[in-house]
Amino acid sequence: MTMSPLQFIRSLCTLILAPFLTLVVSAVSLIDLLWVRKSKIKAQVFPRYWGRILCGLSGVRVRVEGMENIDPGQIYIFAGNHCSQYDIFSFQGYFPHDFRWIAKKELFNIPIFGRAMHQVGYIPIDRSHGRQALKSIDEAARRIASGSSVLIFPEGTRSPDGTLKEFKTGAVLLAIKAKVPIVPLGFSGSYEVLPKGRLLPRGGEIVIRIGTPILTAHYQAADKQALATELHAAVARLLAQGAEQR
């Protein structure tokens, strides 16, 4: 489908402004955290504006369905399909539940951006193999259990064709260790907005569907494949509901 001249301008502006906007939001968040309000919760308003501005610039509307399935005061691990950068922008901008990101540890080394991530409470994780990776999962699980809801993408990377791929067990192992409910999410419409490999986003609507929380307290580490299978099926059902409504 051909992009209209107006949409092309909006998309190009988004591409050009996104790095600058990210730097500004990181700097403002850092200033607020270190010298002004000094509150991690209040500082979440800045990345929320970041997500909303990026969606608005590119003509993306976001709708969240199923909030009645979760308790605002409960700690969760949210787990969804991942096929677009706009999964991140839409969730950050419009998901009303307080949460933090889990990010690969290398991102925390980026000047200003990494410092802001650390100060606001984002959780680093080692994506390599071996003892250090397991140690970082244990530490992340402790941080979650102590009061930080997070979002994870169990596929590990963006789907190249928009279809749901196999879930990696490392992501669900985190939920088992933290012993908090894991909530399936279905992101519909984000692939059409910006699939992997394309630079310019299209306008459109992204719907984030929230499923019923899956309790993890009775799972052991040896059960990680069973939990991954159960979670995958739950996310697949949410995506199927989205396909039926189109």
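So, a few notes on the structure that sits alongside this text. (Residues numbered from 1 in each chain as written. Predicted model: local features only at pLDDT ≥ 70, side-chain atom pairs only at ≥ 80, totals over all residues. Heavy atoms only, no water.)

**Structural notes on the overall build of the protein**
Next up, step 1: The secondary structure content of the protein amounts to 8 helices and 7 strands.
Next up, step 2: Taken over C-alpha atoms, the radius of gyration comes to 18 Å for the protein, in line with the 18 Å a tight globule of 246 residues would show.
Next up, step 3: Seen through its C-alpha atoms, the protein measures out along the principal axes to roughly 55 × 50 × 35 Å.
Next up, step 4: Across the 246 residues of the protein, 48% fall into the buried class.
Next up, step 5: In the protein, the share of contacts with a sequence separation of at least 24, taken over all contacts with a separation of at least 6, comes to 74%.
Next up, step 6: Averaging the coordinates of the 30 positive side-chain charges in the protein and doing the same for the 18 negative ones gives two points 7 Å apart. (Helix = DSSP H or I, 4+ residues; strand = E, 2+ residues; numbered from the N terminus. Rg over C-alpha atoms; globule rule 2.2 N^0.38 Å. Buried < 20%, exposed > 50% of the residue type's maximum accessible area, 1.4 Å probe, protein only. Contact = heavy atoms within 4.5 Å. Lys, Arg positive; Asp, Glu negative; His and termini not counted. Charge placed at Lys NZ, Arg CZ, Asp CG, Glu CD.)

**A look at the state of the cysteines**
Next up, step 1: If you walk through the whole model with that rule in mind, you get 0 disulfides.
Next up, step 2: Free cysteine Cys 13: the closest other cysteine sulfur is in Cys 55, separated by 16 Å.
Next up, step 3: The cysteine Cys 83 is free of any disulfide, with Cys 55 supplying the nearest cysteine sulfur at 14 Å. (Disulfide = S-S within 2.5 Å.)

**Here's the deal with the environment of Gly 73**
Next up, step 1: Tracing the backbone shows Gly 73 in the loop between β1 (60-65) and β2 (77-80).
Next up, step 2: Spatially, the C-alpha atom of Gly 73 lies 19 Å from that of Tyr 122, the residues being 49 residues apart in sequence.

**Description of the packing of aromatic side chains**
Next up, step 1: Scanning all chains against the criterion turns up 11 aromatic pairs.
Next up, step 2: Relative to Phe 89, the ring of Trp 50 has its centre 5.2 Å away and its plane inclined at 90°; by these criteria the two rings are edge-to-face. Taken as a pair, Trp 50 in helix α2 (residues 45-57) and Phe 89 in helix α3 (residues 85-94) lie far apart in primary sequence, 39 residues in all.
Next up, step 3: Given a relative accessible area of 14%, Trp 50 falls into the buried group.
Next up, step 4: Ring geometry for Phe 91 versus Phe 95: centroids 4.2 Å apart, planes at 15°, classification stacked. Of the two residues, Phe 91 and Phe 95, both sit in the buried class.
Next up, step 5: Members of the aromatic cluster, each reached through a chain of ring pairs, are Tyr 76, Phe 78, Phe 91, Phe 95, Phe 99, Trp 101, Phe 153 and Phe 187. (Phe/Tyr/Trp six-rings, centres within 6.5 Å; stacked < 30°, edge-to-face > 60°.)

**Re the pattern of salt bridges**
Next up, step 1: Applying the stated rule across the entire model yields 9 salt bridges.
Next up, step 2: One salt bridge connects Asp 32 with Arg 37, and the closest N-O pair in it is separated by 3.0 Å.
Next up, step 3: In this structure, a network of salt bridges that share partners links the residues Arg 63, Glu 65, Glu 205 and Arg 209. (Salt bridge = Lys/Arg side-chain N within 4 Å of Asp/Glu carboxyl O.)

**Some remarks on helix α8 (residues 224-245)**
Next up, step 1: In this model, α8 (22 residues) spans 32 Å end to end at C-alpha, consistent with the 32 Å of a helix rising 1.5 Å per residue.
Next up, step 2: Among the residues of α8, those classed as buried are Leu 227, Ala 228, Leu 231, Ala 234, Val 235, Leu 238, Leu 239 and Gly 242. End-on view of α8: buried residues confined to an arc of 135°, all on one side of the axis. Looking at α8, the residues exposed on the side facing more than 90 degrees away from the buried face are Arg 237, Ala 243 and Glu 244.
Next up, step 3: The inward-facing, buried residues of α8 contact β2, α6 (169-178), β6 (182-188) and β7 (204-210). (Expected span 1.5 Å × (residues − 1). Arc of directions from axis to C-beta.)

**Considerations on unusual backbone geometry**
Negative phi values dominate among residues other than glycine, just as trans dominates among peptide bonds.
Next up, step 1: One non-glycine residue, Lys 38, lies in the positive phi region at around 55°.
Next up, step 2: Tracing the chain through its elements places Lys 38 in the loop between α1 (5-35) and α2.
Next up, step 3: Although it is not a glycine, Ile 112 adopts a positive phi angle of roughly 65°.
Next up, step 4: Considering the arrangement of structural elements, one finds Ile 112 in the loop between β3 (100-104) and α4 (113-120).

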